[in-house]
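Breakdown of the fold
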Protein chains: 2
Amino acid sequence: MSATLSPTARTRITRHRERGSDDRTDLFAIIREALVCHVGLVRDGDPVVLPSIHAADPEGPDEGGTLYLHGSVAAPWLLQAPGQTLCVTFTLVDAAVLARAAFSHSMNYRSAVVYGAARCVDDADERDRALRLIVDHVVPGRSATLRANNRKELAATTVVAVPLAEASVKARAGGPNDEPEDVATGAWAGVVPLSVRAGEVVSDHDGPIPEDVRRRLADW
Amino acid sequence: MSATLSPTARTRITRHRERGSDDRTDLFAIIREALVCHVGLVRDGDPVVLPSIHAADPEGPDEGGTLYLHGSVAAPWLLQAPGQTLCVTFTLVDAAVLARAAFSHSMNYRSAVVYGAARCVDDADERDRALRLIVDHVVPGRSATLRANNRKELAATTVVAVPLAEASVKARAGGPNDEPEDVATGAWAGVVPLSVRAGEVVSDHDGPIPEDVRRRLADW
């Protein structure tokens, strides 16, 4: 697989092409940082968009690497997904860009849109690896501290894979782009950086917060 | 319009029904707090999911109130949306729920999924109101401090409305639901609260940060 993304009709960026990136490293960085994604599918001709947790495996068996999604075997969207094209979107909101004119207001963001045919993961080893990656997506290293999933848990869980071959990446950074006549008015403008932050942990246990969780908190 | 949401085949919650809400107040609170939404549509038979900024008008002209989306007249999805059913999803991630067993890990969240036929907003007054609501969605009161949009800006902008009649609301709160035998192991579990927070404002101007922005920062 090439280190760059080759646009298809679905992933070619039509607006603000200067904001696009064809670097697969950027794709994986956005998927890694986005705690949740939004999964799109078509049901009875209508679009359906659902939030989901995920994990990427750059070395996964699919072209371009593998994106894993999971959920209950009873979840309708997971029953329906295999064989269908999914659109999975990852959005990091980095800032509110407050300009002098309403029209010039914007957001700083990094986003990725992935299209791919979903595959049901049936192989026991791949399922196990995918479920560990999903836990480790939230708290790196955590899966190694937990007991293995038991038969009942595995039977209740569907894992779906999506290839990471077909994707687009787009980002905006920087300050407001006001027109010179608006800047000349002397009105204020600026950027409010935004990020997801952790509050104080609510322990369900008297013991100390484990090392994997403390390391993760340092990044939040 | 009723104060409660009446589920349709598309909005009936199939999994974890105890997490659902039929209170329209909850719907509007989630839409208000979510800085961005994810808009789903169908293009050439495939799902497309794009992040967008938005605003809701509970008193808008559509059944259930009106959701407004906007963008460039050249944006393909906005050209395509009118007359189509959109699925617009709002997700607030409130916490990572770290359990004793991998299977019991979860997220605390509040989410809303809206289905509705998109309508192109052509009326000048409604367009003006929608564009003000979208600025005020990010920073309440800000639109009143800005000059009016000029003819060129209005000609470059498409505004789309979606009725807020058909929607589902779902939320999880609280701690991990581990099995008693996992609790008995004495392993740690807990909840990491997560929220979107503002960093230090980067002013593009020497003057003081205006009152509307300072008020907003107090909430972030």
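First, a word on scope: everything that follows refers to the structure included in this document. What you are looking at is a predicted structure, and each value in this text was computed from that prediction instead of being measured. (Residues numbered from 1 in each chain as written. Chains lettered and ligands numbered in written order. Predicted model: local features only at pLDDT ≥ 70, side-chain atom pairs only at ≥ 80, totals over all residues. Heavy atoms only, no water.)

1. Examining the overall build of chain A
What chain A contains, in helices and strands, is six helices and eleven strands. Along the first, second and third principal axes, the C-alpha set of chain A runs to 70 × 50 × 35 Å. By residue count, 51% of the 220 residues in chain A fall in the buried class. Accessible surface computed for chain A: about 9800 Å², of which carbon and sulfur atoms make up 52%. Of note, chain A has its 24 positive side-chain charges centred 1 Å away from the centre of its 30 negative side-chain charges. (Helix = DSSP H or I, 4+ residues; strand = E, 2+ residues; numbered from the N terminus. Buried < 20%, exposed > 50% of the residue type's maximum accessible area, 1.4 Å probe, protein only. Areas by Shrake-Rupley, 256 points an atom, 1.4 Å probe, with all protein chains shown as cover. Lys, Arg positive; Asp, Glu negative; His and termini not counted. Charge placed at Lys NZ, Arg CZ, Asp CG, Glu CD.)

2. Considerations on the interface of chain A and chain B
Counting from both sides, the interface comprises 79 residues of chain A and, opposite them, 79 residues of chain B. Of all residues in chain A, the largest losses of buried area upon contact with chain B belong to Pro 47, Phe 103 and Trp 188 of chain A, amounting jointly to 12% of the total for that side. Across the pair Arg 100 of chain B and Asp 204 of chain A runs a salt bridge, and its minimum N-O distance is 2.9 Å. In this assembly, chain A and chain B are joined by 29 residue pairs in polar contact (both at pLDDT 80 or more). Residue assignment for the side of chain A that touches chain B shows that the elements contributing at least two residues are strand 2 (36–43), strand 3 (46–57), strand 5 (85–98), strand 6 (106–117), helix 3 (124–138), strand 10 (190–198), strand 11 (202–203) and helix 6 (211–219) of chain A. If you tally residues by element for the side of chain A that touches chain B, the top one is strand 10 of chain A, at nine residues. Grouping the amino acids of the side of chain A that touches chain B by side-chain chemistry returns 49 nonpolar, 19 polar and eleven charged. (Contact = heavy atoms within 4.5 Å. Buried area = accessible area lost by both parts, 1.4 Å probe. Salt bridge = Lys/Arg side-chain N within 4 Å of Asp/Glu carboxyl O. Polar contact = N/O pair within 3.5 Å; in protein donor to acceptor, adjacent residues only side chain to side chain. Nonpolar A, V, L, I, M, F, W, Y, C, P; charged D, E, K, R; others polar.)

3. Some points on the side chain of Asp 182 of chain B
Here Asp 182 of chain B shows up in helix 5 (residues 180–183). At a separation of 2.7 Å, a polar atom in the side chain of Asp 182 of chain B contacts the side chain of Arg 147 of chain A. Apart from the residues within four sequence positions on either side, Asp 182 of chain B is in contact with Arg 147 of chain A together with Arg 100 and Ala 101 of chain B.

4. Details of the nonpolar core
Within the largest apolar cluster, 64 residues are counted, with the highest numbers of intra-cluster contacts made by Leu 69, Leu 86 and Phe 90 of chain A together with Leu 69, Leu 86 and Phe 90 of chain B. In contact with Phe 90 of chain B, other than residues within four places in its own chain, are Ile 30, Ile 31, Ala 34, Cys 37, His 54, Leu 67, Arg 110, Ser 111, Ala 112 and Val 114 of chain B. With 23 residues, the next largest nonpolar core counts Ala 55, Val 138 and Val 201 of chain A together with Leu 98 of chain B among its residues. (Core = buried A, V, L, I, M, F, W, Y, C linked by side-chain atoms within 4.5 Å.)

5. A closer look at the state of the cysteines
All names here are of chain B. Applying the stated criterion to the full structure yields zero disulfides over all chains. Its sulfur unpaired, Cys 87 is 10 Å from the next cysteine sulfur, which belongs to Cys 37. We note that Cys 120 lacks a disulfide partner, and the nearest cysteine sulfur, in Cys 37, lies 17 Å from it. (Disulfide = S-S within 2.5 Å.)

6. Digging into the pattern of salt bridges
Per the stated rule, a full pass over the model turns up 32 salt bridges over all chains. One salt bridge connects Arg 147 of chain A with Glu 153 of chain A, and the closest N-O pair in it is separated by 2.8 Å. In this structure Arg 147 of chain A comes out as partly exposed when scored by relative accessible area, which is 32%. By relative accessible area, Glu 153 of chain A is classed as buried at 7%. As a salt-bridge pair, Arg 142 of chain B and Asp 212 of chain B come within 3.1 Å of each other at their nearest N and O atoms. Taken together, the positions of Arg 142 of chain B in the loop between helix 3 (124–138) and helix 4 (151–155) and Asp 212 of chain B in helix 6 (residues 211–219) put the pair 70 residues apart, joining distant regions of the chain. Residue classification places Arg 142 of chain B among the buried residues on the basis of a relative accessible area of 2%. Judged by its relative accessible area of 5%, Asp 212 of chain B falls in the buried class. Look at the salt bridges and you will find they share partners, linking Arg 10 and Glu 166 of chain A together with Asp 46 of chain B into a network.

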